[in-house]
Amino acid sequence: MTYAINWDLESIFPGGSQSETLKTRLSQLSTEIAEYHRAIEAWTPSAKQPEELATILQLAEKCTNGFGQCGSFITALLSSNVNDQEAKLLMGELAAKRPVFQLAATIFSKKLTTISDADWATLMQSSALAPVAFRLSEIRRDGKELLAESEENIIHTLALDGLNAWSEHYDTLVATIAIPFTDKEGKTITLSAGQAFNKMMGDPDADVRQTLFTAWEQAWGEKEALFADTLNHLDGFRIATQRLHGVTDYLKEPLEYNRLKKETLDTMWATIAKNKQPMMDFLTRKAQLFGKEKMPWQDQDAPIILGDMEEKTYSFDQAADFITKHFASFSPKMADFAQMAFEKAWIEAEDRPGKRPGGYCTGLPESKESRIFMTYSNSVNEVATLAHELGHAFHSSVLWDLPSMNQDYAMNVAETASTFAELIVADATLKEAQTVEEKINLLDTKMQNAVAMFLNIHARFIFENNFYTARQKGLVSPQQITDMMLAAQKESYLDQLASYHPHFWAAKLHFFIDDIPFYNFPYTFGYLFSMGIYAYASQKGASFEDDYIALLRDTASMTTEELAEKHLGVDLTQPDFWQAGIDMVLADITTFLEITEEFVR
């Protein structure tokens, strides 16, 4: 092999969870937080002294980067080995430092609100603060809604054993999920949640998928009471905190976090809803190719293998070469960056027990690097996932020279660069198809993303809306939660599937993440936003790279609507932009239906 399939963590903090260097950095972080706190306490806001505020921002940046560096490293340890007990203790030690930092940030935010609007305008025009004026204005806005400093500190302290603890508890529960599987030779093995999911959704044998799906539903269902407790208390803590701040609209926080208008979100979902039937026609045709009348849940991502065709696979090395080659056609800088990531072993890709499910990219702000986590198993889907995460890493890399405040882009635009990278790979594989059967296979692979964004994620959004509404009135039983999930899936998929996944709510990590509520609609937004950028790139040709990087560099410095207007010249509150992206998907569906017709006669 040319490239390592295990990531390099030693260059960050040598020694893993026993690292003395990490322990030293954690100790330094405590000192930096105390220094930041003292500086804020002593600061008297003044429009005439922007330098003092700039100094405080530098201290805040040190702390923020310290949390990011240590947190990303410890998360990497836990992801690659869910049983690393020392890493769990380290995560607790790091989390214990956060309330002190949050208290300092609360004091800072509230002090910003004491500055008059006129003085604030003067202050934001100073050369030291103008580059971060947008973010500072957000912090000042949020400061106006804060409780007393002591009350905010109590909430942050209680969150350690409340909101954060329930999220961590979910990870502990997932580590206990074991799925038995007996292969055709009669050998029974035990699969982790991550291994079982990959095999259940991607195995070419329909019987294997069905067997695993039955066992998968059963495994999560057997522990539904534990998962229901976890979800109830995690979101209950969040709702209680919102009420303390006078907030009754549970969408306020995710919309403000994503710098998105409710009008934009409603327009996006409304436009998607009008175009769902062709998506279901695609899934029904795919089911027919499998010899079934309607699509079962577990077959949505299954590969279509027609005739004597063998699904194309890519070794990790081949995937690396394919990605860098096709990135170069849009952006040589993207290609060079990806090549560096492979050569420096920034990617954990090995398929082995003990890893958490899923994939992600995490940033290391102090070393100005990223790390990518996934479980790679040679399929075209995994090539796309790898490109997706490299897109995230590239996005971060073009911001490394900016103030940390201007690197804090929201999730919806975070998914833009990743999905754009994925589109490059999807179209590249399609162009290399040698036969109709291979083209069908690859079109299906590309369409899986659209199905997820328009149908699966919409179901998650509907479910979470309904769950929050119910949870505001009291605890929700496991059966009620499961019924909500089933109803949301039927609504989103127009009730046209052969089977559903009632315990999806328990199996999906995204519902249990503690830092970002509604970890769903930003994916769909990013997907369609990237479709617009992809079309723009195809028109611009060689001049696209600089425009693209300019857009990425602005992602944390303005609202999403302003970003789209400035760089793409579009109004996100109007359906035209969303329909244009959907039309690109509909064109692929039309092609798919045309070239598969002869296979279902």
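Look up a bit, the structure's there.
Criteria and thresholds
Residues numbered from 1 in each chain as written. Predicted model: local features only at pLDDT ≥ 70, side-chain atom pairs only at ≥ 80, totals over all residues. Heavy atoms only, no water. Buried < 20%, exposed > 50% of the residue type's maximum accessible area, 1.4 Å probe, protein only. Helix = DSSP H or I, 4+ residues; strand = E, 2+ residues; numbered from the N terminus. Pairing = 2+ DSSP bridges. Axes fitted to C-alpha atoms, helices over the stretch in contact; angles between N-to-C directions. Parallel < 35°, antiparallel > 145°, perpendicular 65-115°, else oblique. Contact = heavy atoms within 4.5 Å. Nonpolar A, V, L, I, M, F, W, Y, C, P; charged D, E, K, R; others polar. Core = buried A, V, L, I, M, F, W, Y, C linked by side-chain atoms within 4.5 Å. Polar contact = N/O pair within 3.5 Å; in protein donor to acceptor, adjacent residues only side chain to side chain. Expected span 1.5 Å × (residues − 1). Arc of directions from axis to C-beta.

(A) Main features of the pairing of strand β4 (residues 360-364). Of the two faces of β4, the one holding Tyr360, Thr362 and Leu364 is buried and the one holding Cys361 and Gly363 is not buried anywhere. Note: β4 against strand β5 (residues 369-373), five bridges, orientation antiparallel. Pairing of Cys361 across the sheet is with Ile372, part of β5. The turn linking β4 back onto β5 is made up of four residues, and Lys368 within it adopts a positive phi angle of 55°.

(B) Local environment of the packing of helix α12 (residues 262-273) against helix α21 (residues 521-540). One way to put it is that α12 packs onto α21 with a least axis distance of 11 Å and a crossing angle of 75°. As summarised for this structure, α12 and α21 are arranged roughly perpendicular, according to the angle between their axes. Facing Thr264, Leu265, Met268, Trp269 and Ile272 of α12, the residues of α21 in contact are Phe521, Thr524, Phe525 and Leu528. Of the residues that constitute the contact of α12 with α21, the class distribution is seven nonpolar, two polar and no charged.

(C) Expanded view of the environment of Gln210. Turning to its location among the elements, Gln210 is positioned in helix α9 (residues 206-222). Judged by its relative accessible area of 36%, Gln210 is partly exposed.

(D) Just the nonpolar core, in detail. In terms of nonpolar packing, the biggest core is built from 150 residues, with Trp220, Phe327, Leu390, Phe420, Phe454, Phe463 and Trp505 touching the most fellow members. Of all the elements, helix α18 (residues 436-471) adds the most residues to this core, at 15 residues. If we ignore the near neighbours within four places in the chain, the residues touching Phe420 are Phe330, Met334, Ser530, Ile533, Tyr534, Ala537, Phe544 and Tyr548. Membership of the second largest hydrophobic core comes to 48 residues, among which are Ala54, Leu78, Met124 and Ala133.

(E) Region of the structure containing the environment of His156. Tracing the chain through its elements places His156 in helix α6 (residues 149-160). Along the sequence, His156 and Phe101 sit 55 residues apart, while their C-alpha atoms lie 9.8 Å from each other. His156 has contacts with Pro99, Gln102 and Thr106, leaving out every residue within four places of it along the chain. A distance of 3.4 Å separates polar atoms of two side chains, one belonging to His156 and the other to Gln102.

(F) Quick look at the sheet that holds β5. Pairing is mixed across the open sheet formed by three strands, whose spatial order is β3-β5-β4. Each edge of the open sheet is held by one strand with a lone partner, namely β3 (347-348) and β4.

(G) Structural detail: α6. Counted at 1.5 Å a residue, the expected span for α6 with its twelve residues is 16 Å, and the 17 Å between its end C-alpha atoms agrees. Glu152, Ile155, His156 and Ala159 are the residues of α6 that are buried. Viewed along the axis of α6, the buried residues span an arc of 95°, placing them on a single side of the element. Among the exposed residues of α6, those pointing more than 90 degrees away from its buried face are Ile154 and Leu158.

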